[in-house]
Amino acid sequence: MIVRTETYRDMEQDIATLMDVDKMFVYETMHDISEKCLCGFHSDWDKYESLIDDFITEYADLDIIDEIYVFHLSRHIGQPKELWPLRELLIIENEFSDFLKKNKIHFMLREDKLESYYDNRLISPEQILQNGHFHLLAKRLGYLGEADYCVNGFSFWPK
């Protein structure tokens, strides 16, 4: 089985098929899990991850997956003419970098290092690393040694 991620409809259909349930059941279960993990305005992410793992273990037959199609996040901004590696995607003119610039984010190369800017202010690697959620971003941008500019991400939710 191939899990397609090109459109939400494809993802919904393939995940429901993989789990042998109706797609509404997947959405209802995800909603119930989210509700169980809310603590005021915060979420208990460890509990969320555990409940999602349980849901997958109970319903999904992961052995039937042959491939998962993966599309770069920029694909959702517009139809790409080329699929750029992350470094080029961030520094050359394209629909994705234009989208970032409209939101006050841009990147520059200086001495073969990728620099991040928000509102024309340099964001240092230390600032990115201070927040544990951005560890993967720091790695991708080369702040943890060897840069990993590969294209290997996909999104599940419209927002």
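Right above here is the structure, for reference.
Everything in this summary refers to the structure shown in the same document. These numbers were taken from a predicted model, which means no experiment stands behind them.

So, the nonpolar core
Logical step 1: Grouped together as the largest cluster of nonpolar side chains are 12 residues: Leu86, Leu89, Leu90, Phe96, Leu100, Phe107, Leu114, Ile123, Ile128, Ala138, Leu141 and Tyr143.
Logical step 2: Counting residues in hydrophobic clusters, the runner-up holds 11 residues, among them Leu18, Val26, Met30 and Phe55.

Points about the sheet that holds strand S6 (residues 113-118)
Logical step 1: Ordered in space as S5-S6-S7, the 3 strands form an open sheet in which the pairing is antiparallel. Both outer strands of the open sheet, strand S5 (105-110) and strand S7 (121-123), are each paired with one neighbouring strand and no more. Adjacent strand axes in the sheet meet at a mean angle of 40 degrees, parallel and antiparallel pairs treated alike.
Logical step 2: Sheet analysis places S5 next to S6, joined by 6 bridges and oriented antiparallel. Bridging from a neighbouring strand, arginine 110 pairs with lysine 113 of S6.

Details of the pairing of S6
Residues in a regular strand project their side chains so that they alternate between the two faces of the sheet.
Logical step 1: Between S5 and S6, which pair antiparallel and follow one another directly, the connecting turn spans 2 residues, one of which, glutamate 111, has a positive phi of 50 degrees.
Logical step 2: Where S6 meets S7, 3 bridges bridge the pair, whose relative direction is antiparallel. Bridge pairing links serine 116 to isoleucine 123 in S7.
Logical step 3: Between S6 and the antiparallel strand that follows it, S7, lie 2 residues; aspartate 119 among them carries a positive phi value of about 55 degrees.

Criteria and thresholds
- Along each chain, residue indices are assigned from 1 in the same order as the chain's sequence is written.
- Whole-chain, interface and lining totals are the exception, using all residues; otherwise, since this is a predicted model, local features are given only for residues with pLDDT of at least 70 and side-chain atom pairs are given and counted only at 80 or more.
- The side-chain figures draw on all heavy atoms in the structure; neither hydrogens nor water molecules are used.
- Among the buried residues, those of types Ala, Val, Leu, Ile, Met, Phe, Trp, Tyr and Cys that are joined through side-chain atoms within 4.5 Å form a nonpolar core.
- With a 1.4 Å probe rolled over the protein chains alone, any residue whose accessible area is under 20% of its type maximum counts as buried; one over 50% counts as exposed, and the rest are partly exposed.
- When DSSP finds two or more bridges between two strands, those strands count as paired.
- Segments assigned H or I by DSSP are reported as helices when at least four residues long, segments assigned E as strands when at least two residues long, and all are numbered from the N terminus.
- Lines fitted to C-alpha atoms define the axes, with helix axes restricted to the stretch in contact, and inter-axis angles between N-to-C directions lie between 0 and 180 degrees.

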